[in-house]
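# Descriptive analysis of the structure
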Amino acid sequence: MKMLVEKIDMKFDQEKVIEEFEDLTKDAGKIQEETLEKILEQNRGTEYLQQWGLNGKTDPQTFKNCVPIVTHNDLEPYIQRVADGDLSPILTGKPIETISLSSGTTQGKPKFVPFNDELMESTMQIFKTSFAFRNREFPIGNGKALQFIYSSKQFKTKGGLAAGTATTNVYRNAQFKKTMKTMCTPCCSPDEVIFGPDFHQSLYCHLLCGLIFRDEVQVVSSTFAHSIVHAFRTFEQVWEALVVDIREGVLSSRVTVPSIGLAMSKLLKPDPELADTIYNKCSRLSNWYGLIPELFPNTRYIYGIMTGSMEPYLKKLRHYAGELPLLSADYGSSEGWVGVNVNPKLPPELVTYAVLPNIAYFEFIPLGRNLNGMEQANSPVGLTEVKLGEEYEIVFTNFAGLYRYRLGDVVKIKDFHNGTPELQFVCRRNLLLSINIDKNTERDLQLAVEAAAKRLVDGKLEVVDFTSHVNVSADPGHYVIFWELSGEANGEMLQDCCNCLDKAFIDAGYMSSRKVNAIGALELRIVKRGTFHKILDHFVGLGGAVSQFKTPRCVGPKNSSLLQILSSNVVESYVSTAFC
């Protein structure tokens, strides 16, 4: 009988998941109130909540009147005490046993964030809901997923709590693998590859596993689009070695981790026919266009987070994908989840996320038309009170001890799914290029880079990656843009790109400041090939997971180690003459 129950549990009921989602979103306002009540009931005895005088009340109005809106800095002392082993109910009624680390690519150091069973449950709910809508549009059968996922090491905090990146905490949870299995997308790679200590070796073996199971691969995915692009850029360099491994059935000497080697030896058998197939396909490709469907002919789609700082990689990803659809994954952060992509046919640039009203209590701070003056006294509105077309900053309260927490993300309301809003990610609030009255967001930077990069097309070049820095040590201060290029460009072309970048920042504050030289001439610095790879290696060396890596689009003065890597790899520098 027990075996029968397990078999029933293992079957994924797509329509039931969609039906549950529809029910949740039809009465989003009521679900939100119930969710807040549940969070406050569970944690009413905590030190944090007791200090605000709620007196046992769990209604939204009392909660908003009593509990302040906070940032991570405000909660950091409480979280640190939890991490240091204080077992009293500080932020949550039940003890926190795991800590998540944010990526750390924005501020230069990771943040500690509480992680618990409720967050794991909401992760699985997001995964299942997203898969159900995705599978309805792009059905897959029994197959495998080529997942470029890497788990960083977990370590123990001073108080003995397990700490790791949010992705690591999910991958190491037994529920994750069980859920993936029910959704018919087990990973091609064995655990030893996912949890390997050297991500270069893990990546090589991910590619090798994908080739071994090439006919079974139905999905190619990673947490972020960057990891997929990085994987296939690497493939261009190592494909011949992979073909030799398959032909001879012997793993390359570049893989030295014993656990990975042993796991791979169980999969790898001499297969000259497969080796010939891969060799012929790679040899025939024109500039690697359509590489993914050539290697994995039964792939239905490519899946990962493709919005925000991932958008610059879409052009290269589409090049590798050929005609395969790119499906953007769901919207969340190290602190918790926000919404799910229920319109998977939308291209990544237009993707929206329907907020799940039972995973947290959400508030939205209305913003003006630009990002100036965000601190104005705009009262937050509830999930069902947001207005179509308006922009907001997200504030949320979750089951893991974050109360009225500013996520730092700006979103736009694009639509409603039943009673819940569909959000479009706009930018990170704190990623602003600003010297005085100028305000340029990550999106503005991306658009400027895209405009200037069009000048490279004649030279058949592309911007491999980019970042920026505000140099205020000079007088007047000016923007510095770092570019890594796919090849050599002549000075005249790069000077043209530099001038184009300067003019592409169309923010009124920037343009007026440039005209009167209150902001100095923009500087374009070209860095050596592989510089952004060094930044990735540096991030991984600090304990980060490759799956969670995001190239920082604006490197602040506190992030001195990253500035040092960039500055020491500059090969050419150009100063704009656009406003002379």
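Residues numbered from 1 in each chain as written. Predicted model: local features only at pLDDT ≥ 70, side-chain atom pairs only at ≥ 80, totals over all residues. Heavy atoms only, no water.

## Quick word on the overall build of the protein chain
The condition that has to hold: Labels follow the DSSP assignment, with helices taken as runs of H or I lasting at least four residues and strands as runs of E lasting at least two, numbered in each case from the N terminus. In what follows, a contact means two residues having at least one pair of non-hydrogen atoms within 4.5 Å. Calculation of accessible area relied on Shrake-Rupley with a 1.4 Å probe; when residues are assessed, cover is drawn exclusively from the protein chains displayed.
In terms of helices and strands, the protein chain carries 21 helices and 22 strands. For the protein chain, long-range pairs separated by at least 24 residues make up 72% of all intrachain contacts whose partners lie at least 6 apart in sequence. As presented, the protein chain carries roughly 24700 Å² of accessible surface, and 51% of it is formed by carbon and sulfur atoms.

## Structural notes on the pattern of salt bridges
Between side chains of opposite charge, a pair can form when the charged atoms approach closely. Convention followed: When a carboxyl oxygen of Asp or Glu is within 4 Å of a side-chain nitrogen of Lys or Arg, the pair counts as a salt bridge. Categorising residues by exposure relies on relative accessible area from a 1.4 Å probe, with only protein chains included: less than 20% of the type maximum marks a residue as buried, more than 50% marks it as exposed, and the intermediate range marks it as partly exposed.
Throughout the structure, instances matching the rule amount to 20 salt bridges. A salt bridge links Glu363 to Arg404; the nearest nitrogen and oxygen atoms lie 2.6 Å apart. With Glu363 in strand β12 (residues 361–366) and Arg404 in the loop between β14 (391–397) and β15 (405–417), this pair connects stretches of sequence that are 41 residues apart. Summarising the burial analysis for this pair, Glu363 and Arg404 share the class buried.

## Considering unusual backbone geometry
Phi at Asn55 is positive, roughly 55°, even though this residue is not glycine. The topology assignment puts Asn55 in the loop between α4 (47–50) and α5 (60–66). For Asn287, which is not glycine, the phi torsion reads 55° and is therefore positive. One can find Asn287 in the loop between α14 (272–284) and α15 (291–295).

## Looking at the sheet that holds strand β6 (residues 217–224)
Put simply, the rule reads: If DSSP finds at least two bridges between two strands, the strands pair. The convention used is that axes are lines fitted to C-alpha atoms, helices contributing only their stretch in contact, and that angles between N-to-C directions extend from 0 to 180 degrees.
Strands sit in the order β3-β6-β7-β8 across an open sheet of four strands; the sheet is parallel. Looking at the sheet topology across the chains shown, the edges are occupied by β3 (144–147) and β8 (326–328). The average angle at which neighbouring strand axes cross in this sheet is 25°, direction not considered. Across three bridges, the pairing between strand β7 (residues 301–305) and β8 is parallel. When the bridges of β8 are listed, Tyr303 appears paired with Leu327.

## Some thoughts on the packing of aromatic side chains
Keep this limit in mind: Paired rings are identified among Phe, Tyr and Trp, the last through its six-membered ring, by centres lying within 6.5 Å, and are further divided according to the angle between planes into stacked (under 30 degrees), edge-to-face (over 60) and tilted (the rest). We call a charge positioned above a ring when the Lys NZ or Arg CZ atom is no farther than 6 Å from the ring centre and deviates by at most 35 degrees from the ring normal.
In this structure the tally under the stated criterion is 21 aromatic pairs. Ring geometry for Tyr331 versus Tyr353: centroids 5.4 Å apart, planes at 50°, classification tilted. Of this pair, Tyr331 sits in strand β9 (residues 331–333) while Tyr353 sits in strand β11 (residues 353–355), and the two are 22 residues apart along the sequence. Classification of Tyr353 by relative accessible area gives buried; the value is 1%. The rings of Tyr48, Trp52, Tyr78 and Tyr403 are connected pair by pair, giving a single aromatic cluster. A cation over a ring is seen here: Arg134 above Tyr303, with NZ or CZ 3.8 Å from the ring centre.

## Here we look at the environment of Glu335
The criterion, for reference: Polar contact criterion, stated in full: a pair of N or O atoms within 3.5 Å, where within protein one must be able to donate a hydrogen and the other to accept it, and residues adjacent in sequence count only if both atoms are side-chain atoms.
Structurally, Glu335 is set in the loop between β9 and β10 (336–340). Given a relative accessible area of 4%, Glu335 falls into the buried group. Along the chain, Glu335 and Thr397 lie 62 residues apart, while their C-alpha atoms are 10.0 Å from each other. Residues in contact with Glu335, not counting those within four places in the same chain, are Lys111, Val113, Leu119, Phe396, Asn398, Leu402, Tyr405 and Leu407. Here Tyr405 takes part through its side chain, which lies 2.7 Å from a polar atom of the side chain of Glu335.

## Quick word on helix α12 (residues 225–248)
Operational definition: By this rule the span expected of a helix is its residue count minus one, scaled by 1.5 Å.
Compared with the 34 Å implied by 1.5 Å per residue over 24 residues, the 32 Å span of α12 between its first and last C-alpha is a close match. Gly249 occupies a position one or two residues after α12 and carries a positive phi of about 75°.

## Concerning the sheet that holds strand β20 (residues 478–485)
On the basis of which strands lie adjacent, the open sheet formed by four strands has the order β19-β20-β21-β22 and mixed pairing. The open sheet has two edge strands, β19 (463–471) and β22 (570–575), and neither has a second partner. Pairwise comparison of adjacent strand axes, ignoring direction, gives a mean angle of 20° for this sheet. Packing against the sheet, helix α18 (residues 491–504) makes contact with β20, β21 (523–527) and β22, and its axis sits at approximately 60° to β22. Helix-sheet contacts for helix α21 (residues 560–568) involve β19, β20, β21 and β22, and the interaxial angle to β22 is about 90°.

## Some points on the packing of helix α20 (residues 531–541) against α21
Working note: a packed helix pair is described by the angle between its axes plus the distance between those axes. What counts, and what does not: Any angle that falls under 35 degrees is termed roughly parallel, while one over 145 is termed roughly antiparallel, one within 65 to 115 roughly perpendicular, and all others oblique. For any pair of crossing helices, the crossing counts as left-handed if the nearer helix is rotated counterclockwise from the farther one by less than a right angle, and right-handed if it is rotated clockwise. Amino acids outside the nonpolar list (Ala, Val, Leu, Ile, Met, Phe, Trp, Tyr, Cys, Pro) and the charged list (Asp, Glu, Lys, Arg) are all regarded as polar, and Gly is one of them.
Relative to each other, α20 and α21 sit at 155°, their axes nearing to 9 Å. Classed by the angle they form, the pair α20 and α21 counts as roughly antiparallel. In terms of crossing hand, the pair formed by α20 and α21 is right-handed. From α20, Thr531, Phe532, Lys534, Ile535 and His538 reach across to α21, where they touch Ser561, Leu562, Ile565 and Leu566. Classifying every residue of the contact of α20 with α21 gives five nonpolar, three polar and one charged.

## Structural notes on the nonpolar core
Here is the rule we go by: Side-chain atoms within 4.5 Å are what join buried Ala, Val, Leu, Ile, Met, Phe, Trp, Tyr and Cys residues into a set we call a nonpolar core.
Of all hydrophobic cores here, the largest spans 141 residues; its most connected members are Val220, Phe232, Phe235, Ile302, Phe362 and Phe364. If near-sequence neighbours (up to four positions away) are discounted, Phe232 is found in contact with Phe148, Leu207, Val220, Leu291, Ile292, Leu295, Phe296 and Tyr320. Membership of the second largest hydrophobic core comes to 30 residues, among which are Leu433, Ala448, Leu461 and Leu501.

## Quick look at a negative patch on the surface
The cut-off we apply is this: Exposure above 30% relative accessible area and no salt bridge define the residues that can form patches, which grow by joining like charges within 9 Å and nonpolar side chains of Val, Leu, Ile, Met, Phe, Trp and Tyr within 5 Å. Under this rule, positive means Lys or Arg and negative means Asp or Glu; His and the chain ends count for nothing. Lys charges are placed at NZ, Arg charges at CZ, Asp charges at CG and Glu charges at CD.
On the surface, a cluster of negative charge is contributed by Asp13, Glu15, Glu19, Glu20 and Asp23. Classification of Asp13 by relative accessible area gives partly exposed; the value is 41%.

## Describing the side chain of Thr58
With respect to the helices and strands, the residue Thr58 is situated in the loop between α4 and α5. Excluding its chain neighbours within four sequence positions, the residues that come into contact with Thr58 are Leu36, Glu37, Leu40 and Glu41.

## Quick notes on the confidence of the model for the protein chain
A low pLDDT score tells you not to read the predicted coordinates there in detail. For the record, the criterion: The quantity known as pLDDT measures the predictor's confidence residue by residue, on a range of 0 to 100.
In the predicted model, the protein chain carries a mean pLDDT of 84, and the fraction of residues at 70 or more is 89%. Of all the helices and strands in the protein chain, helix α1 (residues 2–10) carries the lowest mean pLDDT, 37, while α15 carries the highest, 95. Low confidence marks residues 1–9, where pLDDT is under 50. Its contacts with residues over four positions away, or in another chain, come to one contact.

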